[in-house]
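Here is what each chain is made of, one letter per residue.
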Amino acid sequence: MIDKINKLLAEVETLKAASVDEVEAIRIKFLSKKGEISALMDEFRTVAADQKREIGMKLNVLKVKTQEKLNELKESLENNQSTDESIDLTRTAAPIPLGTRHPLSIVKKDICDIFRRLGFTIAEGPEIEDDWHVFSSLNFAEDHPARDMQDTFFISHEPQVLLRTHTSSVQTRVMEKQQPPIRIICPGRVYRNEAISYRAHCFFHQVEALYIDKNVSFADLKQALLYFAKEMFGVDTKIRLRPSYFPFTEPSAEMDISCNICGGKGCPFCKHTGWVEILGCGMVDPNVLDNCGIDSKVYTGYALGMGIERITNLKYRVKDLRLFSENDKRFLEQFESAN
Ligand code: DAH
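Only a predicted model underlies this, so the values are computations on that prediction, with no experimental measurement involved. (Residues numbered from 1 in each chain as written. Predicted model: local features only at pLDDT ≥ 70, side-chain atom pairs only at ≥ 80, totals over all residues. Heavy atoms only, no water.)

Draft legend 1. Layout of the sheet that holds strand β3 (residues 154-156). As summarised here, the arrangement of the three strands in space is β2-β4-β3, forming an open sheet in which the pairing is antiparallel. Among the strands making up the open sheet, the edge pair consists of β2 (128-130) and β3. If you compare each strand with its neighbour and ignore which way they point, the axes differ by 35° on average. (Pairing = 2+ DSSP bridges. Helix = DSSP H or I, 4+ residues; strand = E, 2+ residues; numbered from the N terminus. Axes fitted to C-alpha atoms, helices over the stretch in contact; angles between N-to-C directions.)

Draft legend 2. Molecular detail of the side chain of Thr312. Its place among the elements puts Thr312 in helix α10 (residues 308-316). Beyond its immediate chain neighbours, meaning those up to four positions away, Thr312 contacts Pro103, Leu104, Val107, Arg317 and Phe324. (Contact = heavy atoms within 4.5 Å.)

Draft legend 3. Spotlight on the nonpolar core. Membership of the largest hydrophobic core comes to 44 residues, with the highest contact counts inside it found for Ile111 and Leu304. When contributions to this core are tallied by element, the ones reaching two or more residues are α5 (103-117), β6 (203-213), α8 (218-233), β8 (249-258), β9 (275-284), β10 (300-307), α10 and α11 (329-332). In contact with Ile111, other than residues within four places in its own chain, are Ile185, Val207, Phe228, Met232, Met306, Ile308 and Ile311. Core analysis: the next-biggest nonpolar cluster, separate from the first, contains 24 residues, Phe135, Val174, Cys186 and Tyr299 among them. (Core = buried A, V, L, I, M, F, W, Y, C linked by side-chain atoms within 4.5 Å. Buried < 20%, exposed > 50% of the residue type's maximum accessible area, 1.4 Å probe, protein only.)

Draft legend 4. Looking closely at the packing of helix α2 (residues 20-31) against helix α3 (residues 36-44). At a minimum axis separation of 4 Å, α2 and α3 run at an interaxial angle of 10°. One element, α2, and the other, α3, form an angle in the roughly parallel class. Judged by residue contacts, Lys29, Phe30 and Leu31 of α2 engage Glu36, Ile37 and Ser38 from α3. Here the residues of the contact of α2 with α3 are counted per class, giving three nonpolar, one polar and two charged. (Parallel < 35°, antiparallel > 145°, perpendicular 65-115°, else oblique. Nonpolar A, V, L, I, M, F, W, Y, C, P; charged D, E, K, R; others polar.)

Draft legend 5. Just helix α7 (residues 168-177), in detail. Counting buried positions along α7 gives seven out of 10 residues, so the element sits mostly inside the fold. What α7 keeps buried is the set Ser168, Ser169, Val170, Gln171, Thr172, Val174 and Met175.

Draft legend 6. Layout of the packing of helix α1 (residues 2-13) against α3. Following both chains from N to C, one finds α1 and α3 inclined at 165°, their axes separated by 11 Å at the closest point. The angle between α1 and α3 falls in the class roughly antiparallel. For α1 against α3, the interelement crossing comes out left-handed. Where α1 approaches α3, its residues Lys4, Ile5 and Leu8 are matched on the opposing element by Glu36, Leu40 and Glu43. Taken together, the residues that form the contact of α1 with α3 break down as three nonpolar, no polar and three charged. (Left-handed = near helix turned anticlockwise from the far one by under 90°.)

Draft legend 7. Focus on the sheet that holds β9. The strand order across the open sheet formed by seven strands is β1-β5-β6-β10-β9-β8-β7, and the pairing between neighbours is mixed. The open sheet terminates on both sides in strands that have one partner only, identified here as β1 (121-122) and β7 (239-246). Note that β9 and β10 share five bridges and pair antiparallel. Its bridge partner being in β10, Cys281 is matched across the sheet by Leu304.

Draft legend 8. Representation of the domain arrangement of the protein chain within the structure. Partitioning the protein chain into domains gives domain 1 (2-86) and domain 2 (103-338). The distance between the C-alpha centroids of domain 1 and domain 2 comes to 86 Å. (Domains from an automatic or database assignment.)

Draft legend 9. How the structure looks around the environment of Pro243. Note that Pro243 resides in strand β7. Between the C-alpha atoms of Pro243 and Gly280, which are 37 residues apart in sequence, the distance is 9.8 Å. Ignoring sequence-local partners within four residues, the contact set of Pro243 consists of Ser252 and Ala253.

Draft legend 10. Quick peek at the site of the ligand. In the vicinity of the ligand there are 15 residues, among which His166, Ser168, Arg192, Gln206 and Glu208 approach most closely. With respect to the ligand, the side chain of Arg192 contributes an N or O atom lying 2.8 Å from an oxygen atom. Contact distances for the ligand include 2.9 Å between an oxygen atom and a side-chain N or O atom of Gln206. Against a free-state accessible area of 350 Å², the protein chains account for coverage of 89% of the ligand. Where the shell around the ligand is concerned, the elements lending two or more residues are α7, β6, β9 and β10. Taken together, the residues that form the shell around the ligand break down as five nonpolar, eight polar and two charged. (Near = heavy atom within 4 Å. Polar contact = N/O pair within 3.5 Å; in protein donor to acceptor, adjacent residues only side chain to side chain. Areas by Shrake-Rupley, 256 points an atom, 1.4 Å probe, with all protein chains shown as cover.)

So, in structure tokens, the structure goes:
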């Protein structure tokens, strides 16, 4: 009987299993009620009394070893399975959702790209400004309402520090440092002390353009505006200039484009006029040139400024301005850009 036990012990040592089913087959062969070890247990009853102790111990060792072997085989199968899964290099990767650009960023880039094609380069300036760059240098009268606390966020009064209300301040910053020719486009965020509603916000975005050189005329301005309108809104777009007033331009105008929603026929969006206003513009006032150290007897220039939100509304028909700053993914994910 000892021989039989030793043989089984040797066999158990070498056992291998490639699947859970094979492990189960081994269990049945050795440990089930009709298995080899049960048969030995039966046989054990007939063993002579003086051998019972030795053979009993051997039998026990065989039983324990077999159980241990089974556990070991099971465990290694489980481990193999999990490592296999974690290094399956052929598995299709989970899709990584791509972010989208903010609609205002898309439109800002479109505007800048159009002016870049006309030879403009980008200039930027600070959002925290002083009275000189935002108002005084730009020919704002001392009692102009924009200087009022109700329109402008002041950070301090002595010295006067404020949040810029328009990107025209970048004009001054560039002109102070650089002599013509100047051909710049200035995108940026601006702030105004407005009650927030669907059509007004306390911050928004503008793009300013400035071109100064010898012999720059209103005709040059008009040509740039027409080019911009057609590039931005389509070749059939028409423009119309209405006389207006800005402290820093003379003459000044506001530009309308033919309504891109109804094609100029009249609809609620254009209030049935067929036209929508998109920007302000004009010839740079000689006072502004002189204020910034540019000789107004030698040079002339044009400037224009537009709100990015306004252009975005026209392009994408966003009805509520607040959506732009709420970070609602359901809104933002609707916009896609090539780059
Ligand atoms: N700065 C003006 C505003 O914030 C926009 C503007 C109008 C800019 C006419 C200009 C311009 O450069 O010529 O409303």
